[in-house]
Amino acid sequence: MIKTLAKSIREYKRSSVLSPVFVSIEVVLECLMPLVIMAFIAAINRGGAEGETLKMSTIWYYGGILLAMALLSLCTGMLSGRFAARASAGFAKNLRKDMYYAIQDYSFSNIDKFSTSSLVTRQTTDVTNVQMAYMMIIRVAIRCPLMLVFSLVMAFIVNPGIAWIFLALVPVLAAVLVLVIFRTHPIFERVFKKYDNMNRSVREDIKGIRVVKSFVREDFERKKFKNASEEVCKEFTLAERIMAVNTPVMQFCIWLSFLLIFLMGALLTRSGSPVQEDQLTVLIMYASQILSAVMQLSMVLVMIIIARTSAERIVEVLNEKSNIVSPEDAVKEVRDGDIVFDNVSFKYSQTAEKFALASVNLHIKSGQTIGILGGTGASKSTLVNLIPRLYDATEGAVYVGGVDVRKYDLETLRNKVAMVLQKNVLFSGTIKDNLRWGKEDATDDEMLRVCKLACADDFIQAFPDKYDTYIEQGGTNVSGGQKQRLCIARALLKDPKVLILDDSTSAVDTKTDAMIRRSFREQIPNVTKIIIAQRVSSVQDADQIIVMDGGRINAIGTHEELLASNEIYKEVYYSQNKVGSAAPAEGGQANA
Ligand SMILES: Nc1ncnc2c1ncn2[C@@H]1O[C@H](COP(=O)(O)OP(=O)(O)OP(=O)(O)O)[C@@H](O)[C@H]1O
Ligand SMILES: [Mg+2]
């Protein structure tokens with residue numbers, strides 16, 4: 001895990017090393033200062049005792065040394081802080097970037113594994129946790145143990161008879177702190193899951209705010225959010241409440257140590273080995289340093305523990321390897337739009353019991369128009385997803401242009417197999433910007449051509465800004481049918497050999513739908529067109545119609561053939577065309 005994370009430090013290695021170096025200097029200075037103070041006090045005492053006046057030069061001497069040390073410690077402290085800040089912020093930046101890049105490479109099945117909200121939490125809260133922990137590690141986690149050891153050694157040098165008090169107190173304090181950490185750790189682990197929940201609730205609600213409003217579900221959403229945020233609050237309160245024990249225990253230990261130091265001093269003095277007040281003063285200083293080091297160390301531990309959970313979640317994202325990548329010596333040319341499914345079965349996850357697609361055999365000749373019809377959940381989308389290799393077949397193989405899709409360079413394949421997804425999105429930007437997703441350097445003429453093909457030109461010309469009309473995020477300012485036609489145009493701009501429309505004209509009126517199909521037939525006759533539809537009219541004139549049912553191909557044939565022989569097709573057809581004589585058979589359109 002650490003190795004994976006460490007890869008993201010990169011250009012911030014120097015800062016990451018310099019910070020502890022300066023911290024170490026700071027610690028050494030801080031531990032030496034009490035010694036100088038001790039010498040100073042001794043000098044003052046001597047001055048008083050021998051009846052001489054304390055020389056001004058002595059005061060200047062010790063004062064000067066102390067001031068210089070204090071200033072130097074200030075500078076090194078500030079420098080180490082600066083380097084730590086730079087290193088940790090830079091580290092976080094790199095982590096986010098690496099995660100982002102990793103996610104961009106994910107295949108559809110990788111994406112299925114993580115929920116969107118969890119990916120967002122991982123990129124934000126989790127990275128921030130790791131960033132904080134990293135900063136603490138390179139500063140405080142170095143500082144505290146050093147401080148602890150140095151101060152202990154110094155205390156023993158000053159007066160071993162009293163210094164053992166620290167040896168007794170430190171374990172007690174440490175034990176309490178460790179106990180607290182063990183109690184809180186599982187709670188923090190739970191908190192992050194709850195965080196995901198809360199984020200999901202916010203995301204879903206805001207994304208679907210229109211649906212929420214139209215169903216008047218605001219109250220329900222409010223309640224959902226309230227529950228989620230209260231859960232987070234409850235767990236955090238619990239964790240913080242346990243952790244709140246730390247500070248009072250720590251304070252108590254400090255006062256206890258002072259008390260014990262004086263007590264031991266008094267006892268030692270009584271028993272004939274007098275303890276000087278300069279020694280007592282210095283020991284008290286070391287007491288504060290030692291105990292606060294232990295305290296800070298425990299806080300770092302808590303932070304590290306919180307961050308460990310976060311780090312694991314980040315590493316999960318970074319280590320998720322895309323299972324769909326281009327092979328070496330990939331084929332970079334798609335011959336034609338010939339498609340073969342050779343005994344293909346597919347399931348969405350290895351653990352799934354049921355195949356979403358079972359033993360599909362199919363041959364689509366280049367240039368054909370194929371309609372796919374079937375009820376919701378009949379695996380129509382699943383079938384076509386395998387063609388541009390959005391998923392890999394679990395068994396069997398899919399061939400495009402005579403070559404196994406797994407042998408193609410992914411970019412080549414996906415450019416030549418253009419797919420208009422069922423759940424499509426437009427991005428914020430002008431219409432032109434959106435179209436250029438299909439081809440970066442498309443000229444205005446090319447865009448005009450594909451928009452005419454997709455029957456989108458008419459309505460685009462009607463906008464005041466025409467092709468420069470601004471599309472809001474998610475395409476909210478165009479109608480459903482307009483959005484679909486823009487998506488088709490965008491796919492056409494790729495100049496594909498196979499064009500797949502997954503229910504992409506469902507919101508387009510029947511007349512326009514027919515016009516689009518006619519222009520396809522006339523203007524791109526060599527492109528293999530696969531049209532998934534719910535309306536029989538959308539596929540009626542196709543060369544072949546595939547009827548899907550429950551993950552299998554139920555029948556293949558032309559409209560006339562199917563109408564004569566296939567029950568499902570007949571049902572769907574008659575239910576949509578309301579031909580009185582041949583009413584749909586039992587079950588109605590349950591499948592369609
Ligand atoms: N990403 C996914 N992960 C797991 N299961 C999925 C996933 N996508 C679809 N499924 C399942 O696979 C089956 C087929 O879904 P598919 O989307 O192919 O149906 P469809 O025929 O396209 O339906 P529709 O007409 O509603 O679009 C369904 O049972 C669905 O629950
Ligand atoms: Mg579908």
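Quick notes on the rules
- Residues numbered from 1 in each chain as written.
- Chains lettered and ligands numbered in written order.
- Predicted model: local features only at pLDDT ≥ 70, side-chain atom pairs only at ≥ 80, totals over all residues.
- Helix = DSSP H or I, 4+ residues; strand = E, 2+ residues; numbered from the N terminus.
- Rg over C-alpha atoms; globule rule 2.2 N^0.38 Å.
- Buried ≥ 20, exposed ≤ 12 C-beta atoms within 10 Å, placed from the backbone.
- Contact = placed C-beta atoms within 7 Å.
- Pairing = 2+ DSSP bridges.
- Axes fitted to C-alpha atoms, helices over the stretch in contact; angles between N-to-C directions.
- Parallel < 35°, antiparallel > 145°, perpendicular 65-115°, else oblique.
- Left-handed = near helix turned anticlockwise from the far one by under 90°.
- Nonpolar A, V, L, I, M, F, W, Y, C, P; charged D, E, K, R; others polar.
- Expected span 1.5 Å × (residues − 1).
- Near = placed C-beta within 6 Å.
- Bend = angle between axes of the 7 residues up to and from the residue.
- Core = buried A, V, L, I, M, F, W, Y, C linked by C-beta atoms within 7 Å.
- Domains from an automatic or database assignment.

**Considerations on the overall build of the protein chain**
Helix and strand counts for the protein chain stand at 21 helices and twelve strands. Its C-alpha atoms give the protein chain a radius of gyration of 36 Å, clearly above 25 Å, the size a compact globule of 592 residues would have. Summarising its shape, the C-alpha atoms of the protein chain cover approximately 125 × 50 × 50 Å along the three principal directions. By the burial criterion, 36% of the 592 residues in the protein chain qualify as buried. Considering only residue pairs separated by 6 or more positions, the protein chain has 78% of its internal contacts joining residues 24 or more positions apart.

**Remarks on the environment of Leu 18**
Within the secondary structure layout, Leu 18 lies in helix α2 (residues 13–49). Assessed through the 18 C-beta atoms surrounding it within 10 Å, Leu 18 is described here as partly exposed.

**Considerations on the sheet that holds strand β1 (residues 339–346)**
In space, the four strands of this open sheet follow the order β2-β1-β4-β5, with antiparallel pairing throughout. Lying at the two open borders of the sheet, with one neighbouring strand each, are β2 (357–364) and β5 (403–404). As defined by bridge partners, strand β4 (residues 395–400) adjoins β5 across two bridges and the pair is classed as antiparallel. Among the inter-strand pairings, Val 400 is bridged to a residue of β5, identified as Val 403.

**Here's the deal with the packing of helix α7 (residues 160–207) against helix α11 (residues 277–319)**
At a closest axis distance of 9 Å, the pairing of α7 and α11 adopts a crossing angle of 20°. The angle between α7 and α11 places the two elements in the roughly parallel class. Crossing of α7 against α11: the hand is right-handed. Counting all contacts with α7, which are made through Ile 162, Phe 166, Val 170, Leu 173, Ala 174, Leu 177, Ile 181, Thr 184, His 185, Phe 188, Glu 189 and Phe 192, the residues of α11 involved are Leu 283, Ala 287, Ile 290, Leu 291, Val 294, Ser 298, Leu 301, Val 302, Ile 305, Ile 306 and Thr 309. The class makeup of the residues in the contact of α7 with α11 is 18 nonpolar, four polar and one charged.

**Quick look at unusual backbone geometry**
Even without a glycine there, the phi angle at Val 216 is positive, about 50°. Here Val 216 lies in the loop between α8 (209–214) and α9 (218–243). Of note, Asp 329 is a non-glycine position whose phi angle comes to about 35°, a positive value. Along the polypeptide, Asp 329 turns up in the loop between α11 and β1. The class of Asp 329 is exposed, set by 8 C-beta atoms lying within 10 Å.

**Considerations on helix α10 (residues 246–270)**
Taking 1.5 Å as the rise per residue, α10 with 25 residues should run 36 Å; its terminal C-alpha atoms sit 36 Å apart, in good agreement. Within the sequence span of α10, burial applies to Cys 253, Ser 257, Ile 261 and Gly 265. Lining the buried residues of α10 we find α7 and α11. After α10 finishes, the residue Gly 272 shows a positive phi value of roughly 100°.

**Some details on the environment of Arg 490**
Among the secondary structure elements, Arg 490 is positioned in helix α17 (residues 480–492). Residues contacting Arg 490, with those up to four places away along its chain left out, are Asn 434, Leu 435, Trp 437 and Gly 438.

**Looking at the sheet that holds strand β11 (residues 544–549)**
Across the sheet, six strands lie side by side as β6-β9-β10-β3-β11-β12; this open sheet has mixed pairing. Whereas interior strands pair on both sides, the edge strands pair on one side only; in this sheet they are β6 (417–420) and β12 (552–557). Geometrically, the sheet is characterised by an average inter-axis angle of 15° between neighbouring strands, direction not taken into account. Direction of pairing for strand β3 (residues 369–374) relative to β11: parallel, over a ladder of five bridges. The residue bridging Leu 373 from the neighbouring strand is Val 547, located in β11. Against the sheet, α17 touches β6 and β9 (498–502), its axis set at about 170° to β6. Packing against the sheet, helix α21 (residues 567–577) makes contact with β3, β11 and β12, and its axis sits at approximately 100° to β11.

**As for the site of ligand 1**
Around ligand 1 sit 13 residues in total, of which Tyr 348, Thr 376, Lys 380, Ser 381 and Thr 382 are the nearest. Examining the composition of the shell around ligand 1, we find that three residues originate from one element, helix α12 (residues 380–385), more than from any other. The residue makeup of the shell around ligand 1, split by class, is three nonpolar, seven polar and three charged.

**Considerations on the pairing of β1**
Pairing analysis gives five bridges linking β1 to β2, with the strands arranged antiparallel. Residue pairing in the sheet places Phe 341 in a bridge with Leu 362 of β2. When β1 meets β4, the two strands line up antiparallel, connected through five bridges. Residue pairing for β4: Val 340 is matched across the bridge by Tyr 399.

**Some remarks on α7**
Look at α7: 67 Å from first C-alpha to last across 48 residues, which is about the 70 Å you get at 1.5 Å a residue. Roughly 30° is the biggest bend found in α7, and it falls at Thr 184, with proline Pro 186 one to four residues downstream.

**A closer look at the packing of helix α5 (residues 116–138) against α11**
The interhelical angle for the contact between α5 and α11, taken along N-to-C directions, is 140°, at an axis separation of 8 Å. What the angle tells us is that α5 and α11 run oblique. Judged by the twist between their axes, the crossing of α5 over α11 is left-handed. Contacts between α5 and α11 involve Leu 119, Arg 122, Asp 126, Val 127, Asn 129, Val 130, Met 132, Ala 133, Met 136 and Ile 137 from the first element and Val 300, Met 303, Ile 304, Ile 306, Ala 307, Ser 310, Ala 311, Arg 313, Ile 314 and Val 317 from the second. Partitioned by chemical class, the residues of the contact of α5 with α11 number 15 nonpolar, two polar and three charged.

**Looking at the nonpolar core**
Nonpolar side chains in soluble globular proteins tend to end up buried together. Ala 454, Ala 489, Leu 492 and Ile 500 are the most contacted members of the largest nonpolar core, which totals 74 residues. Of the residues forming this core, the biggest block, six residues, is contributed by α17. In this view, Ala 454 contacts Arg 485, Ile 488, Ala 489, Leu 492 and Ile 516; residues no more than four positions away in its chain are not counted.

**Side note on the domain arrangement of the protein chain**
Segmenting the protein chain into domains produces domain 1 (7–319) and domain 2 (339–577). Here the C-alpha centroids of domain 1 and domain 2 sit 57 Å apart.

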